[in-house]
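A structural walkthrough
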Amino acid sequence: MYLHKFHYATAAVAAVLLNTASPAFSFSFSPGPSLNHQLARPRAVAEQTSTYSQRNDSFKKSSSLFMSDTAAIEADDKDPPLFEGLLKGITRDYKMRLPLYKSDITDGLNTQCLAAICFLFFACLSPAIGFGSLFGAVTNGAIGTMEMVSSTAMCGFIYALTSAQPLTIIGSTGPVLAFVAALVQLADKMGLPFLPLYAWTGIWTSAILFLSSITSASNLVKYLTRFTDEIFSTLISFIFVVEAVQNIGRSFTNPASTFTKGLMTLIVAVSTYVTANSLRGLRNTVYFTQGVRKNISNFGPTIGVLAGVLIANWAKVSQGAAATLPSLAIPPTFATTSGRPWLIPIMDLPVWARWGAFLPALMATVLLFLDQNITVRLVNNPQYKMEKGRRKNNMLDGMHADLLIISILTFITSIIGLPWLVAATVRSISHVRALSIFDSAGKLKSTIEQRITGLSIHSLIGACVLFDKPRAILTQIPKSVLMGLFLFLGTSALPGNEMWERMKELFKDSKIAPKERWSKVPTKVTMLFTAIQMGCLGAMVYVKESPIGVLFPVVIAMLAPLRFWLEKSGVVKKEYMDILDEE
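Since the model is a prediction, treat every value here as computed from it, not as a measurement. (Residues numbered from 1 in each chain as written. Predicted model: local features only at pLDDT ≥ 70, side-chain atom pairs only at ≥ 80, totals over all residues. Heavy atoms only, no water.)

Moving on: the pattern of salt bridges. Applying the stated criterion across every chain yields a total of 21 salt bridges. Where Arg 226 meets Glu 498, a salt bridge forms, and the shortest distance between an N and an O atom there is 3.6 Å. Highlighted residues: Arg 226 in helix 10 (residues 226–253) and Glu 498 in helix 21 (residues 498–505), separated in sequence by 272 residues. Like Glu 498, Arg 226 is buried. Where Arg 377 meets Asp 229, a salt bridge forms, and the shortest distance between an N and an O atom there is 2.9 Å. (Salt bridge = Lys/Arg side-chain N within 4 Å of Asp/Glu carboxyl O. Helix = DSSP H or I, 4+ residues; strand = E, 2+ residues; numbered from the N terminus. Buried < 20%, exposed > 50% of the residue type's maximum accessible area, 1.4 Å probe, protein only.)

The structure is reproduced here in structure tokens:
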């Protein structure tokens, strides 16, 4: 329920993947300018301390180790085919990124990264706990909160250590939760043990993902455009905001709650959100010095969490039990939820069912493939100006290596009964934005590309799993604080989303509103284009909530063909589409 609504979306792109393997998939797509590859030389990250600048200079020198390969890579991969030779994409990804591994460590040693760690720790832990309780409900305790938090810590750490795009944050998703629920029902109907069936499904899924990674199947993502990205990103933000509002609303309607507790929940959540949002925007004001503004802005979300906790504790002390709010529920000991052994007895599944698990594995592959690659595409967006080990304006670099890591993690989690994890969109985008560097005018200049934040975030989550004191501290944090953080996560992902900006434009006075990039497009065309995107968004929400919610990925898969149909049919003329859907 936390994020499962948006993640059905990713499943759809995988459907495209499976279809494109056939010659019958014959859309005349014309990839945009983002595929004109160049290997860009990494730039220094601005506005950091002199120490950080020196480290970045060292990084530039180290980049010369692979700069000599630029011409070969460009000549070899101007417009890569949908599928490449074995390991070609993975080799290319690591060949460009591994020479920069030292700078991936040293570039993360600064206060801005520390602020991102504090913020993202809560942003990653709270969905893990929420999803864990939901998994426990649908699997009857076979997979619960401890398994989810353990999977988040272990897989997140390994991913940050080994991936080609370490700014991506992995976590559980709604579509995966829905799929697991369906798998439980399938096991019950067929009289099969759930966990062995889950394990064999995951083993097959990891094998298919592995084949996809070594054949560079992620190149299919090149057919996606801003049209799909904007709808997907808006959906994710919508889900986070709705989830927070619904949880706050339930504090008033739940028979076990009181009006006082409901009011305090609202006050704490809003205080957390307003504090985080206001302080994050301080960088664009004229108050204090530039250094003070930057540091307060970076730590804004963390200060917001602390403010919410202090208000909740003040109410608890002054009003007693009547104003005591529900807090995080973390298992007291490190053990499986049901007390089962960690290793799943996969041989308990009949031989025919082991082979039959290949069929549900196809759907699982669709979900994981799309979740992973759509999110990484959003993270790789050129607007964030990331250049380490990447070709200029390229959104595909790193995808093949990262899918390889996901396939390996899927195998590991399957045999020990942990939830499958993939790239989590809102958390990943929030991670990138927390590491963004802005100039004096408030425009994004660059992003701090490193591995320290990802490693630290998941190490801290791991400490909450293994040690008693961190668990005891976290159980004192009210859930309403995290709902305020969810509001912040959802709304902070909207700025820069042109679909959202055009939606707001519907309510603006065009005579005095500042001109936007798409102002040359006739207003009626802009409104039609935006209305179509909103219709797609509504369709995804409707299908997700309907009895046929398992088909939600199909809606996402159809977004790319729909975009090209709009242009081919003349609904939106090419010259206007080139502006509205410009990469």
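Turning to the packing of helix 10 against helix 21, a few remarks are in order. The description of two helices packed together rests on the angle between their axes and the distance between the axes. Orientation of helix 10 relative to helix 21, taken along the N-to-C sense of each, is 75°, at an axis distance of 8 Å. Here helix 10 lies roughly perpendicular to helix 21, going by the angle between them. Between helix 10 and helix 21, the residues in contact are Arg 226, Glu 230, Ile 231 and Thr 234 and Glu 498, Met 499 and Arg 502, respectively. Classifying every residue of the contact of helix 10 with helix 21 gives two nonpolar, one polar and four charged. (Axes fitted to C-alpha atoms, helices over the stretch in contact; angles between N-to-C directions. Parallel < 35°, antiparallel > 145°, perpendicular 65-115°, else oblique. Contact = heavy atoms within 4.5 Å. Nonpolar A, V, L, I, M, F, W, Y, C, P; charged D, E, K, R; others polar.)

Our next topic: the side chain of Thr 145. Mapped onto the secondary structure, Thr 145 falls in helix 7 (residues 145–162). Overall, the relative accessible area of 14% leaves Thr 145 in the buried class. Apart from residues no more than four positions distant in its own chain, Thr 145 is found in contact with Ile 129, Gly 132, Ser 133, Ala 329, Pro 331 and Thr 337.

What follows deals with the packing of aromatic side chains. The tally for this structure, following the rule as stated, stands at 11 aromatic pairs. Aromatic side chains Phe 121 and Phe 122 sit 5.1 Å apart centroid to centroid with 65° between the ring planes, which places their arrangement in the edge-to-face category. Using a relative accessible area of 9% as the deciding quantity, one classes Phe 121 as buried. Ring centres of Phe 179 and Trp 420 lie 6.0 Å apart, and the angle between their planes is 40°; this geometry places the pair in the tilted category. Note that Phe 179 is positioned in helix 8 (residues 174–190) and Trp 420 in the loop between helix 16 (399–415) and strand 2 (422–423), a separation of 241 residues in sequence. Residue Phe 179 shares its accessibility class with Trp 420, and that shared class is buried. Just above the ring of Trp 518 sits the side chain of Arg 502; from NZ or CZ to the centre is 5.7 Å. (Phe/Tyr/Trp six-rings, centres within 6.5 Å; stacked < 30°, edge-to-face > 60°. Lys NZ or Arg CZ within 6 Å of the ring centre and 35° of its normal.)

Compared with the 21 Å implied by 1.5 Å per residue over 15 residues, the 21 Å span of helix 18 (residues 452–466) between its first and last C-alpha is a close match. For helix 18, the tally of buried residues reaches 11 of 15 residues, placing the bulk of the element in the interior. Considered for burial, the residues of helix 18 that qualify are Ile 452, Thr 453, Gly 454, Leu 455, Ile 457, His 458, Ile 461, Gly 462, Ala 463, Cys 464 and Val 465. Buried residues in helix 18 make contact with helix 5 (101–106), helix 6 (111–138), helix 7, strand 1 (170–171), helix 17 (425–434) and helix 19 (468–474). (Expected span 1.5 Å × (residues − 1).)

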